[in-house]
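Per-entry structural report
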Amino acid sequence: MKKFIETLKNCWKVEDLRQRLLITILFTAIYRFGSFVVLPGINPTLLEKLQSQTAGGLMSLLDMFSGGAFSHASIFALGIMPYISASIVMQLLAVAVPYFQKMQREGESGTKKINWYTRVLTVVILLFQAPSYLMNLKMQASGALATGIDWTTFMIPATVILAAGSMFILWLGERITDKGVGNGISLIIMIGIIARLPQAFFQEVSSRFTAITSGGLVMFIVELIILYAVVCASILLVQGTRKVPVQYAKRVVGNKQYGGARQYIPLKLFAANVMPIIFAQALMFIPLAIVQYSTDNTSSVLQSLMNTKSLTYNCVYVVLIVAFTYFYTAITLNPTQMAEDMKRNNGFIPGVKPGKDTADYIDTVMSRITLPGAFFIAFIAVMPALAGLLNVQDAFGQFFGGTSLLILVGVVIDTLQQIESHLMMRHYDGLLNSGHTRNNSGVSAY
């Protein structure tokens with residue numbers, strides 16, 4: 001504890017790091033303040049139906065990423081998710097469309113063009129999502145939610161407000177990345193998730209000590225031990241890498257010798273990040289939509305697929321996560337491009353011929369490490385359902401695994417590494433007991 005306090009003092013001594021930390025805190029505070037600003041004309045005391053609607057399913061995921069702004073009809077209700085969706089679409093286009101493939105290989109200029117297209121696509125998505133959100137809000141109104149509002153004329157300014165709120169969050173995230181500490185977009189998502197933790201924690205404590213059959217203090221201690229073990233396992237998952245050795249040939253230019261060094265390609269066990277879970281959750285929301293528009297709601301299969309704690313739901317959920325892990329890893333990691341870049345720089349993997357054999361070797365290694373990684377991700381994803389078997393409250397159970405836990409672990413590790421790099425540059429110890437974190441595990445939330 002003494003060393004930790006001393007490290008915090010060192011963070012304050014470094015002027016550049018101190019300014020970055022203060023800027024990060026300021027911008028995140030602005031984001032949290034905006035999350036409580038309700039849309040003009042909306043009565044915040046009559047949002048019970050909307051809040052109950054976001055208690056489960058895909059809506060709960062959107063509400064989690066927005067830090068509760070979605071269920072409170074805030075000006076930041078749509079959060080950063082439209083930008084995340086646009087980024088995913090651009091990643092898929094960069095794999096499937098030659099025009100974007102060429103743009104991706106153009107370096108910094110190509111990155112700027114892709115970022116511009118991503119922002120334009122974000123605005124397009126917002127122009128569809130904002131009216132959809134407002135129509136759902138109108139259905140929940142029951143004539144009492146909005147006072148003195150003509151919904152026909154209200155839709156246009158409200159759409160502009162919601163779109164502007166999301167773009168402002170994007171601007172805050174970019175400013176945190178440039179002038180603060182860590183990845184701004186990831187930090188904003190993490191802050192939204194953490195904002196729900198205190199209320200969920202106190203609800204769980206209250207339920208354990210008030211209900212007769214809850215187990216009391218003993219079960220609460222068991223919960224904390226399990227949560228600690230899951231967090232440790234998530235850290236191992238996020239930081240796990242398979243180092244592939246790469247040898248660079250020696251070449252002499254004038255009187256200087258270049259190359260000859262051995263380096264490593266860190267192939268991550270967690271290359272797909274949280275995207276497989278998000279994709280799987282989106283698909284698992286389909287049965288609910290079918291039931292809503294179906295006249296026959298008696299199908300036992302559909303009913304079990306709607307229950308997040310049922311065996312059928314979790315088995316299908318695991319299969320989808322494993323499939324999407326392979327899919328997303330395949331579209332984000334290109335072994336052929338890696339082999340070409342390695343050959344261009346006179347590099348080779350010892351014992352493997354350059355070119356196609358190198359690409360096949362990297363592809364084989366990735367296929368082997370992706371399988372245990374996929375099952376590990378699936379296990380983390382179903383942990384909230386397993387926590388429900390111990391009568392853990394749903395709000396607190398979300399922190400036992402799933403998207404929220406993986407995002408928290410990944411963003412915290414990435415932020416600590418950036419803070420530590422500033423400290424190590426000035427010969428201070430890092431934030432961890434070992435003095436440093438491994439630099440091969442920087443991750444983002446998406």
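Throughout what follows, the structure given in this document is the object of discussion. (Residues numbered from 1 in each chain as written. Predicted model: local features only at pLDDT ≥ 70, side-chain atom pairs only at ≥ 80, totals over all residues. Heavy atoms only, no water.)

**Section: the overall build of the protein chain**
Under the convention used in this document: For the purposes of this entry, the term helix denotes a DSSP run of H or I that reaches at least four residues, the term strand denotes a run of E that reaches at least two, and both are numbered from the N terminus. Burial status follows relative accessibility: with a 1.4 Å probe on protein chains alone, a residue under 20% of its type maximum counts as buried, one over 50% as exposed, and anything between as partly exposed. Working rule for contacts: check all heavy atoms of both residues, and any pair within 4.5 Å makes them a contact.
Scanning the protein chain from terminus to terminus reveals 19 helices and 5 strands. Counting every position in the protein chain, which comprises 446 residues, the buried fraction comes to 45%. The long-range fraction of contacts in the protein chain, counting pairs at least 24 apart against all pairs at least 6 apart in sequence, stands at 70%.

**Quick word on a nonpolar patch on the surface**
The following threshold applies: The residues that make up patches have over 30% relative accessible area and no salt bridge, and they are joined within 9 Å when like-charged or within 5 Å when they are Val, Leu, Ile, Met, Phe, Trp or Tyr. Surface accessibility in these figures is a Shrake-Rupley result with a 1.4 Å probe; residues are shielded only by whichever protein chains are displayed. We define a salt bridge as a contact between a side-chain nitrogen of Lys or Arg and a carboxyl oxygen of Asp or Glu at a distance within 4 Å.
Taken together, the side chains of Trp116, Val120, Val123, Val124, Leu127 and Phe128 present a nonpolar region at the surface, about 590 Å² in accessible area. Within the secondary structure, Phe128 is located in helix α7 (residues 108–141). The exposure class of Phe128 is exposed, given its relative accessible area of 61%.

**Describing the nonpolar core**
Quick note on the threshold: Nonpolar core, defined: a set of buried Ala, Val, Leu, Ile, Met, Phe, Trp, Tyr and Cys residues in which side-chain atoms within 4.5 Å join the residues together. An automatic or database domain assignment provides the domain bounds reported here.
Counting residues in hydrophobic clusters, the biggest one holds 78 residues, and the most contacted among them are Tyr133, Leu134 and Tyr317. Each of domain 1 (1–179) and domain 2 (212–426) accounts for three or more of the residues forming this core. One finds Val244, Val246, Met338 and Val365 within the second-largest nonpolar core, a separate group that totals 12 residues.

**A short note on the packing of helix α2 (residues 15–34) against helix α19 (residues 402–425)**
To describe two helices that pack against each other, one gives the angle between their axes and the distance between the axes. Test applied: For helices, the fitted axis covers only the stretch in contact; all axes are lines through C-alpha atoms, and the angles between them, taken along N-to-C directions, range from 0 to 180 degrees. Should an angle fall under 35 degrees it is taken as roughly parallel, and over 145 as roughly antiparallel, whereas 65 to 115 is taken as roughly perpendicular and any remaining angle as oblique. Crossing handedness: left-handed means the near helix sits turned counterclockwise from the far one by under a right angle, and right-handed means the same turn made clockwise. Three classes are used, and their members are as follows: Ala, Val, Leu, Ile, Met, Phe, Trp, Tyr, Cys and Pro are nonpolar, Asp, Glu, Lys and Arg are charged, and the others, Gly among them, are polar.
One can describe the packing of α2 onto α19 by two numbers: an axis separation of 10 Å at closest approach and a directional angle of 160 degrees. Classified by the angle their axes make, α2 and α19 are roughly antiparallel. In this structure, the crossing between α2 and α19 has a hand that is left-handed. Where α2 abuts α19, its residues Asp16, Leu17, Arg20 and Leu21 lie against Ile419, His422 and Leu423. Taken together, the residues that form the contact of α2 with α19 break down as 4 nonpolar, 1 polar and 2 charged.

**Looking at the sheet that holds strand β5 (residues 347–348)**
This is how it is decided: Between any two strands, pairing holds if DSSP finds at least two bridges.
Taken together, the 3 strands give an open sheet; going across it, the order is β4-β1-β5, and neighbouring strands pair in antiparallel fashion. Every other strand in the sheet has two partners, leaving β4 (262–268) and β5 as the edge strands with one partner each. Pairing of strand β1 (residues 241–248) with β4, which is carried by 7 bridges, proceeds in the antiparallel orientation. Across the sheet, the residue bridging to Pro245 is Tyr264, located in β4. Contacting β1 and β4, helix α17 (residues 356–388) runs over the sheet at an angle of about 45 degrees to β4.

**Details of unusual backbone geometry**
Unusually for a residue other than glycine, Ala73 sits at a positive phi of about 50 degrees. You can see Ala73 is positioned in the loop between α4 (57–65) and α5 (81–96).

**Overview of the environment of Thr118**
This is how it is decided: Between N or O atoms, a polar contact is any pair within 3.5 Å; within protein, one atom must be a potential hydrogen donor and the other a potential acceptor, and residues adjacent in sequence are included only when both atoms are from side chains.
As for its placement among the helices and strands, Thr118 is situated in helix α7. Once you skip the residues sitting within four places of it in the chain, Thr118 turns out to touch Tyr83, Ala86, Ser87 and Met90. Polar side-chain contacts of Thr118 include one of 2.7 Å to the backbone oxygen of Ile114.

**Some thoughts on the pattern of salt bridges**
Inspection of every chain in the model, using the stated rule, returns 6 salt bridges. Residue Asp16 pairs with Arg20 through a salt bridge whose shortest N-O separation is 3.5 Å. One end of the pair is Asp16 and the other is Arg20, both in helix α2 and 4 residues apart, which spans about a single turn. The class of Asp16 is partly exposed, set by a relative accessible area of 30%. Relative accessible area serves as the criterion here: at 21%, Arg20 is assigned to the partly exposed category. Here Arg175 and Asp178 are joined by a salt bridge, their closest N and O atoms 2.8 Å apart. Placement of the pair is Arg175 and Asp178 together in helix α8 (residues 151–179), with a separation of 3 residues, close to one helical turn.

**Details of helix α9 (residues 184–194)**
Burial analysis of α9 places 9 of its 11 residues in the buried class, which makes it a mostly covered element. Of the residues making up α9, those classed as buried are Gly184, Ile185, Ser186, Leu187, Ile188, Ile189, Met190, Gly192 and Ile193. Regarding α9, its N-cap is Asn183, as a side-chain oxygen of that residue lies 3.2 Å from the backbone nitrogen of Ile185 further along.

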